[in-house]
Amino acid sequence: MKRTAATALALLLGGSLALAQSAPQLASTLPAIPQASGIVGHYAMVVAQERIAARIGVEILDRGGNAVDAAVAVGFALAVTYPRAGNIGGGGFMVIHLAKDARGNPAQDIAIDYRETAPEAATPTMFLDAGGLPDPIKSRDSGLSVGVPGTVAGLALAHDKYGSGKLSLAELLAPAIRLAKQGFAVRDDLADSLPAAAAKLARFPSSASILLKDGGKPWQSGDRLIQADLADTLKAIADKGPRAFYEGLTAKLIADAVRKAGGIMTVEDLQSYRAIERPVVRGTYRGRTIVSMPPPSSGGVHLIEMLNILEGYDLRHLGRGDEALHYFIEAMKRAYADRAVFMGDPDAVKIPQAGLISKKYAEALRAGITAKATPAAELHAGKPAEYEGPNTTHFSVIDRDGNAVSNTYTLNFSYGLGLIADGTGVLLNNELDDFTAKAGASNAYGLVGFAANLPGPHKRPLSSMTPTIVLQDGKPLLVTGSPGGSRIITAVLQVVTNVIDFQMPVDDAVSAPRLHQQWQPEDTLVEPGFDPAVLAALAARGHRIVPTRPGTSVNSIEVTADGYVGAADPRTRGSLAAGY
Ligand code: DON
């Protein structure tokens, strides 16, 4: 299926997020991105896309919880206060840095994969129509698109193994339960995003009766949103532990809802779900260590691949002019060409990860970069093995001991499939569209894939989510990550290089306009704010420049000599850096 980046991103149905313009004009008429204001703390910092949840994280830190405890509480709270992406019906990834502790245990980096899985009955052809062509309704808009949710298992695993031990899971769930039961005032991005999702939610009475007012209209700013069923589901997890979600009544209600919507999920699929700890993917960039999410996310591997390519250029000296940006675009193109071919669920396919993240491979890719744009059609995935020797929401947390958490999780589209499993309050994802429906086909984000990412029993669809921690001298320098589908990896890349190469304070690094290239289509998407002369120079090098609205939200923390600087991305209304 061929589509432009513009139509693909518009398909995100994201309301304020991710609407792209297709007109190839250089002068953008889109509104400017406001400036983030960094806030400084010394003991605690939480940066999230929704302010009530961010403050809950700070409260947990204040009560003696560590960064993992706070992240778990924020994760459950966002499932209530930020239903377009915060969830217990979706999945995601958590990257943790545990500082060396007082008992002399060494520092540790951990990746928790709580990505959704395909049901047992999934097949490689499940998203094709009768004529053998990809059917986006099946992969995005039916019960078939729903992956077995991983969030509850992932957050519980994080708490169990890496929490402080001072606060129980029930204590971390308590604020979310209270908010769901007593309600909270609809504001900011929730009010902004509901109108665009209303038609989708209205198709399911179980969703409309909760997320729409009087069953029909979107809740508006100031209205009180109460989610009683969700409160009960969260309470069951608090009382009986995470298995209460994967077994018994909740599991039955979820499987029933999915099957009624045309899906194939069973209670056994839920019962057998497990979050997995995986070795982090690790790279270096100008003396810093990059710690990020390995497959089934493509994020960490391609972040490191692009950084490796860029390390060969003197970016600081070049500044953010057309020559530097040209190298960024060319690095992005090459990494995304590799992504299409090599990446998938590491438990099902062999990924040449060591080759992809090797400096030698980057050197070979760099050698193919000239002063002019390489047309996408001339670029094919490289041969990294030869060098073998790497609607969503993101939050970042750091505590007084220097433990840090970078967490990105998602329902895929804004409000996922739009289906609340009746009687549970759980809004379900449509994550399985991240599989490749057919070799050479693209998903909703225009990401092309091949055999490595076809659906199959219990497989995890390839992701772009890139929760990342940059270490300097073994300690966190930057905690970062973003929503934004295919644009996530390049957004994180630009914030990392803005801090390290262009030496911007983190708030500037987060606010600065970003561009995005993903090999196919040929378009390079540019947010408002780039110098038109620079864009004209890029066009003269052969790049197809397409203005786009912001579609990412890189909520970050930088550790500086002055303390922890939190920068909430101003691209999301209501995002907050909170700390002290
Ligand atoms: O896992 C992925 O890469 C996608 N499902 C993420 C979707 C997303 O970021 C949508 N947000 N704006």
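The shown structure was predicted, so the numbers you read here are calculated from the model rather than taken from an experiment.

Caption draft 1: Here's a closer look at the overall build of the protein. Within the protein one finds 20 helices and 23 strands. In terms of principal-axis extent, the alpha carbons of the protein reach across some 60 × 60 × 45 Å. Expressed as a percentage of the 580 residues in the protein, the buried residues total 64%. Carbon and sulfur atoms make up 54% of the accessible area of the protein, which totals about 19,200 Å².

Caption draft 2: Quick peek at the environment of Ser145. Topologically, Ser145 is positioned in the loop between α4 (136–140) and α5 (151–162). A sequence separation of 19 residues divides Ser145 from Met126, and the C-alpha atoms of the two residues are 9.7 Å apart. Not counting chain neighbours up to four residues away, the residues in contact with Ser145 comprise Lys138, Ser139, Arg140, Leu417, Asn429, Asn430, Glu431 and Leu432.

Caption draft 3: A look at the nonpolar core. If you look at the biggest cluster of nonpolar residues, it comprises 92 residues, and the most contacted ones within it are Phe76, Ile88, Met94, Ile96, Ile112, Leu234 and Val397. By residue number, the principal contributor to this core is helix α3 (residues 67–81), which donates twelve residues. Leaving out residues up to four positions away in the same chain, Ile96 has contacts with Val68, Gln108, Asp109, Ile110, Ile112, Tyr162, Ala404, Val405 and Ile469. Grouped together as the second largest cluster of nonpolar side chains are 87 residues, Val291, Ala340, Phe342 and Met504 included.

Caption draft 4: Quick look at the pairing of strand β19 (residues 523–526). Residue alternation in β19 divides its side chains into two sets, Asp523 and Leu525 and Thr524 and Val526, and both sets are buried. Linkage of strand β18 (residues 515–516) to β19, two consecutive antiparallel strands, is achieved through a turn of six residues, within which Trp519 is found at a positive phi near 70 degrees. The sheet contact formed by β19 and strand β20 (residues 544–547) spans four bridges and is parallel. Counterpart to Asp523 in the pairing with β20 is Arg544. For the crossover from β19 across helix α20 (residues 532–540) to β20, the handedness is right-handed.

Caption draft 5: Broad picture of the packing of aromatic side chains. One pass over the structure, following the stated rule, counts seven aromatic pairs. Measuring from centroid to centroid gives 4.9 Å for Phe245 and Tyr246, while their planes differ by 75 degrees, and the two rings are edge-to-face. Summarising the burial analysis for this pair, Phe245 and Tyr246 share the class buried. Between Tyr246 and Tyr273, the aromatic rings sit 5.8 Å apart at their centres with planes inclined by 10 degrees, giving stacked as the arrangement. Here the residue Tyr246 occupies a position in helix α10 (residues 243–246), and Tyr273 occupies one in the loop between α12 (267–271) and β9 (276–278), the gap between them amounting to 27 residues. Residue classification places Tyr246 among the buried residues on the basis of a relative accessible area of 0%. A residue is classified by how much of its surface remains accessible, and Tyr273, at 2% relative accessible area, is buried.

Caption draft 6: Fine view of the pattern of salt bridges. Applying the stated criterion across every chain, the model contains 28 salt bridges. Bridged by salt links that share partners, the residues Arg51, Asp188, Asp192 and Arg573 form one connected network.

Caption draft 7: Structural context of the sheet that holds β18. Taken in spatial order, the three strands line up as β18-β19-β20 in an open sheet, and their pairing is mixed. If you trace the sheet from one side to the other, it starts and ends with β18 and β20, each paired once.

Caption draft 8: Examining the sheet that holds strand β3 (residues 91–98) more closely. If you trace the seven strands from one edge of the open sheet to the other, you get β9-β4-β3-β13-β12-β2-β23, paired in antiparallel fashion. Across the chains shown, the open sheet's two edge strands, defined by having one partner strand only, are β9 and β23 (576–579). Each adjacent strand pair in this sheet contributes to an overall mean axis angle of 15 degrees, direction not counted. Across the sheet, α5 is in contact with β3, β4 (108–114), β9 and β13 (404–410); its angle to β4 comes to roughly 155 degrees.

Caption draft 9: Up close: the site of the ligand. Close to the ligand lie 15 residues; Asn391, Thr392, Glu431, Asp434 and Gly485 are nearest. At 2.5 Å, a side-chain N or O of Asp434 approaches a nitrogen atom of the ligand. Protein contact buries 99% of the 340 Å² of open area that the ligand shows by itself. A class-by-class count of the residues in the shell around the ligand yields four nonpolar, eight polar and three charged.

Caption draft 10: View of unusual backbone geometry. Pro296 follows Pro295 through a cis peptide bond whose omega is 15 degrees. Relative to the assigned elements, Pro296 resides in the loop between β11 (288–292) and α13 (299–310). Cis geometry is found at the peptide bond from Gln520 to Pro521, where omega equals 0 degrees. Mapping Pro521 onto the fold places it in the loop between β18 and β19. Located in the positive-phi region is Asp473, a residue other than glycine, with phi close to 50 degrees. Within the element layout of this structure, Asp473 appears in the loop between β16 (468–472) and β17 (475–480).

Caption draft 11: Broad picture of the confidence of the model for the protein. The predicted model of the protein averages 93 in pLDDT, with 93% of residues at 70 or higher. Contacts for the low-pLDDT stretch residues 1–24, under 50 throughout, to residues beyond four places or in other chains number 70 contacts.

Caption draft 12: α3, seen in detail. Over its 15 residues, α3 runs 20 Å from end to end, which matches the ideal 21 Å to within 8%, given 1.5 Å per residue. Of all 15 residues making up α3, 15 are buried, and the element is well covered by its neighbours. Backbone nitrogen of Val68 and a side-chain oxygen of the N-cap are separated by 3.1 Å at the start of α3; the cap is Asn66.

Rules and cut-offs
Residues numbered from 1 in each chain as written. Predicted model: local features only at pLDDT ≥ 70, side-chain atom pairs only at ≥ 80, totals over all residues. Heavy atoms only, no water. Helix = DSSP H or I, 4+ residues; strand = E, 2+ residues; numbered from the N terminus. Buried < 20%, exposed > 50% of the residue type's maximum accessible area, 1.4 Å probe, protein only. Areas by Shrake-Rupley, 256 points an atom, 1.4 Å probe, with all protein chains shown as cover. Contact = heavy atoms within 4.5 Å. Core = buried A, V, L, I, M, F, W, Y, C linked by side-chain atoms within 4.5 Å. Pairing = 2+ DSSP bridges. Right-handed = clockwise from strand over helix to strand, strands pointing away. Phe/Tyr/Trp six-rings, centres within 6.5 Å; stacked < 30°, edge-to-face > 60°. Salt bridge = Lys/Arg side-chain N within 4 Å of Asp/Glu carboxyl O. Axes fitted to C-alpha atoms, helices over the stretch in contact; angles between N-to-C directions. Near = heavy atom within 4 Å. Polar contact = N/O pair within 3.5 Å; in protein donor to acceptor, adjacent residues only side chain to side chain. Nonpolar A, V, L, I, M, F, W, Y, C, P; charged D, E, K, R; others polar. pLDDT = per-residue confidence, 0-100. Expected span 1.5 Å × (residues − 1).

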